[in-house]
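Listed below, chain by chain, are the residues.
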Amino acid sequence: MTLTIPVGPEARRLRFLFETRSGATPSSGVEEYWDGDITWVTPEDLGKLSDRYVRETRRRITEEGYKNCGVSLAAPGSIVLSKRAPIGQTAILGVPSTCNQGCFLLTKVDGVDERFYYYALIHLRPALEALGRGSTFMELSADDLRSVLMPFPREEDQRLIANYLDRETAHIDGLIAEKERMLALLEEKRAALISRVVTRGLDPNAPLKPSGQEWLGEIPAHWQEPRAKGLFREVERRTETGEETLLSLRMGKGLVPHNEVSEKLLEASDVTGFKKIEPGQMVVNRMRAASGLIAVATESGLVSPDYAVFDVVDQDLSIEYFLELFKTSLLQAVFRSSSKGLGTGEQGFLRLYTDAFLSLHFPYPPVAEQRAVASFIEQQRSEMLQMENLLGRSIDLAKERRAALISAAVTGQIPLEEMTG
């Protein structure tokens, strides 16, 4: 396949504009090769950049590691391009760097402005992705990359186009960043609102009393704070046939059929002995309770033995209220501190065992108030979701505008005289 960007009468294959080299990885088992001073770029690093320049990488290699894997060091101003996982992520080196085998280093020749070709390669990314080959994963070959036809306007015109795109994309990026900040603030507001109403109720003037729980502080004076064992009871019914639908807890989705998540467990495991659940029962992922992986079953099925299944003892209880409570950052911290296991990190291998869960005290408003709180949260969430959707669409449109602007500029659709500024 021949790829072109039609800019002016001149075009050259990439091999005449850049020297193209692949990277490599020093032996991971040799400590002397790692944690040195040489910047070593991977596709992961490219995916986390906040601008177009690579100045820091997650891992660095030593001089010994550099010599061991036989890679070359590229100068600042060179372009680094990912050739797999995914294809076509592009950045400019801000410091001397090398890379792993998932990237190419493109060192420019005379007459090349790296900023112009950074933008040209962004425009080309869908075409580069289409050149990927492979059965296990798609990868862009060096020969295919070197054979791509690229525009070759005069160097002063390259600089003019790059300067124009720098100005215009900076403006668009500023608008996107502002809208993303607004999205983050909306999420913070929603989380704070939910945390407040599930622990203090809807009446800001309600008299308060000490809850007796250090993590909870004061609660409305007319609320109770019973132990969980008075509200929930663990049940363990095991399947003998494994013919029921296998369900899995997923963040933001609740309990979903396992084949919507992955086929790995279905292929690798015999589900006989998994736990049966019925509609209305609460399911807790013991290892991820502190991440909010708690839901109520809406259909019969099976869940992993690592999950805990609970019946609601108090039939008047509003399970929707308690799910909102359990998914707050406050309760997630409580679940984390109540978990036990081998993990030393935030999650590790810690598990929230049933006895620890059932020994916790929870705020317990009158049932009518529980339902009112849950209804209020749902209403607020719906209103905020509409705002988030509007902001998200606005961000998408700005990104589309940015991509279209880059394409128009590097393909000669914008007269040069319009770019002068």
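Described below are features of the structure shown in this document.

To continue, consider the overall build of the chain. Each helix and strand counted, the chain has 11 helices and 20 strands in total. Computed over its C-alpha atoms, the radius of gyration of the chain comes to 28 Å, more than 25% above the 22 Å expected for a compact globule of 421 residues. When its C-alpha atoms are laid out on the principal axes, the chain stretches across 80 × 50 × 40 Å. Relative to its full complement of 421 residues, the chain shows a buried share of 47%.

It is worth spelling out the sheet that holds strand β18 (residues 294–296) at this point. Pairing in this open sheet of 4 strands is antiparallel, and the strands run β13-β20-β17-β18 from one edge to the other. Every other strand in the sheet has two partners, leaving β13 (232–234) and β18 as the edge strands with one partner each. Averaged over neighbouring strand pairs, the angle between their axes works out to 30° when direction is ignored. Bridge count for strand β17 (residues 282–285) against strand β20 (residues 307–312) is 4 bridges, and the pairing is antiparallel. When the sheet's bridge partners are listed, Asn-285 is paired in β20 with Tyr-307.

Here we come to the layout of surface pockets. Approximately 650 Å³ is the volume attributed to the largest pocket. If you trace the largest pocket, you find 19 residues lining it, with Leu-49, Asp-51, Arg-52, Tyr-118 and Arg-402 closest to the centre. Put simply, the parts of the chain that give the lining of the largest pocket at least two residues each are α1 (43–47), β7 (87–93), α3 (114–130) and α5 (155–200). Counting residues per element, the lining of the largest pocket draws most heavily on α5, which supplies 5 residues. Taken together, the residues of the lining of the largest pocket break down into 7 nonpolar, 6 polar and 6 charged. Taken as a whole, the second largest pocket encloses approximately 440 Å³ of empty space. If you go around the second largest pocket, you meet 22 residues; those closest to its centre are Gly-254, Ile-294, Ala-295, Leu-323 and Lys-327. Elements with a minimum of two residues in the lining of the second largest pocket: β14 (247–250), β15 (254–257), β18, α7 (319–326) and α10 (367–410).

This brings us to the packing of aromatic side chains. In the structure shown here, the tally under the stated rule is 17 aromatic pairs. With 6.0 Å between their ring centres and 45° between their planes, Phe-232 and Phe-357 make a pair best called tilted. Note that Phe-232 is positioned in strand β13 and Phe-357 in helix α9 (residues 354–358), a separation of 125 residues in sequence. On the basis of an interplanar angle of 45° and a centroid distance of 5.1 Å, the ring pair of Phe-310 and Phe-357 is categorised as tilted.

In this sheet, β15 lies alongside β14 in antiparallel orientation, the contact comprising 4 bridges. Each residue of the ladder has a partner; that of Leu-249, found in β15, is Leu-255. In this antiparallel pair of consecutive strands, β14 and β15, the connection spans 3 residues, and Gly-252 shows a positive phi of 80°.

With omega at -5°, the peptide bond leading from Ala-85 into Pro-86 counts as cis. With respect to the element layout, Pro-86 can be found in the loop between β6 (79–83) and β7. Phi is positive for Asp-35, close to 65°, though the residue is something other than glycine. Relative to the helices and strands, Asp-35 is located in strand β3 (residues 34–41). Look at Asp-35 and you get exposed, because its relative accessible area is 69%. In this structure, Ala-85 sits in the loop between β6 and β7. Here Ala-85 falls in the exposed class, since its relative accessible area comes to 63%.

By the secondary structure assignment, Ser-304 is in the loop between β19 (301–303) and β20. A polar atom in the side chain of Ser-304 sits 3.0 Å from the backbone nitrogen of Asp-306. With residues up to four places along the chain from it excluded, the contact list for Ser-304 reads Phe-274 and Lys-275.

Here the structure, examined in full by the defined rule, presents 31 salt bridges. Here Arg-190 ties to Glu-388 by a salt bridge, and the two come within 3.3 Å at their closest N and O atoms. Here Arg-190, found in helix α5, pairs with Glu-388, found in helix α10; they are 198 residues apart in sequence, far enough to count as distant. The exposure classification of Arg-190 matches that of Glu-388, with both residues buried. With its nearest N and O atoms 3.7 Å apart, the salt bridge here joins Glu-400 to Arg-393.

Bringing the pairing of β7 into the picture now. β7 sits mainly inside the fold: 7 of its 7 residues count as buried. Where strand β4 (residues 53–54) and β7 come together, 2 bridges link them in parallel fashion. Among the inter-strand pairings, Tyr-53 is bridged to a residue of β7, identified as Ile-92. Sheet topology note: the β6/β7 ladder contains 4 bridges and is antiparallel. Looking at β7, one finds that Lys-83 is bridged to Ile-87.

Our next topic: the environment of Pro-365. Note that Pro-365 resides in the loop between α9 and α10. Exposure remark for Pro-365: the relative accessible area of 0% places this residue in the buried category. In sequence terms Pro-365 and Glu-225 are 140 residues apart; their C-alpha atoms lie 8.5 Å from each other. Not counting residues up to four positions away in its chain, the partners in contact with Pro-365 are Trp-223, Tyr-321 and Gln-370.

We now examine α10. A turn of α-helix holds 3.6 residues, and therefore any two residues three or four places apart point the same way. For α10, spanning 44 residues, the distance from its first C-alpha to its last is 63 Å, which sits close to the expected 64 Å at 1.5 Å a residue. Positive backbone phi, approximately 80°, marks Gly-412, located one or two places after α10.

About the cut-offs
- Residues numbered from 1 in each chain as written.
- Predicted model: local features only at pLDDT ≥ 70, side-chain atom pairs only at ≥ 80, totals over all residues.
- Heavy atoms only, no water.
- Helix = DSSP H or I, 4+ residues; strand = E, 2+ residues; numbered from the N terminus.
- Rg over C-alpha atoms; globule rule 2.2 N^0.38 Å.
- Buried < 20%, exposed > 50% of the residue type's maximum accessible area, 1.4 Å probe, protein only.
- Pairing = 2+ DSSP bridges.
- Axes fitted to C-alpha atoms, helices over the stretch in contact; angles between N-to-C directions.
- 1 Å grid on protein atoms, 1.4 Å probe; cavity = no way out; pocket = protein on both sides within 12 Å on 5 of 7 lines; lining within 4 Å.
- Points joined across faces, edges and corners; volume = space filled by probe spheres on them.
- Nonpolar A, V, L, I, M, F, W, Y, C, P; charged D, E, K, R; others polar.
- Phe/Tyr/Trp six-rings, centres within 6.5 Å; stacked < 30°, edge-to-face > 60°.
- Polar contact = N/O pair within 3.5 Å; in protein donor to acceptor, adjacent residues only side chain to side chain.
- Contact = heavy atoms within 4.5 Å.
- Salt bridge = Lys/Arg side-chain N within 4 Å of Asp/Glu carboxyl O.
- Expected span 1.5 Å × (residues − 1).

Functional significance is not addressed by these values, which are geometric in nature.
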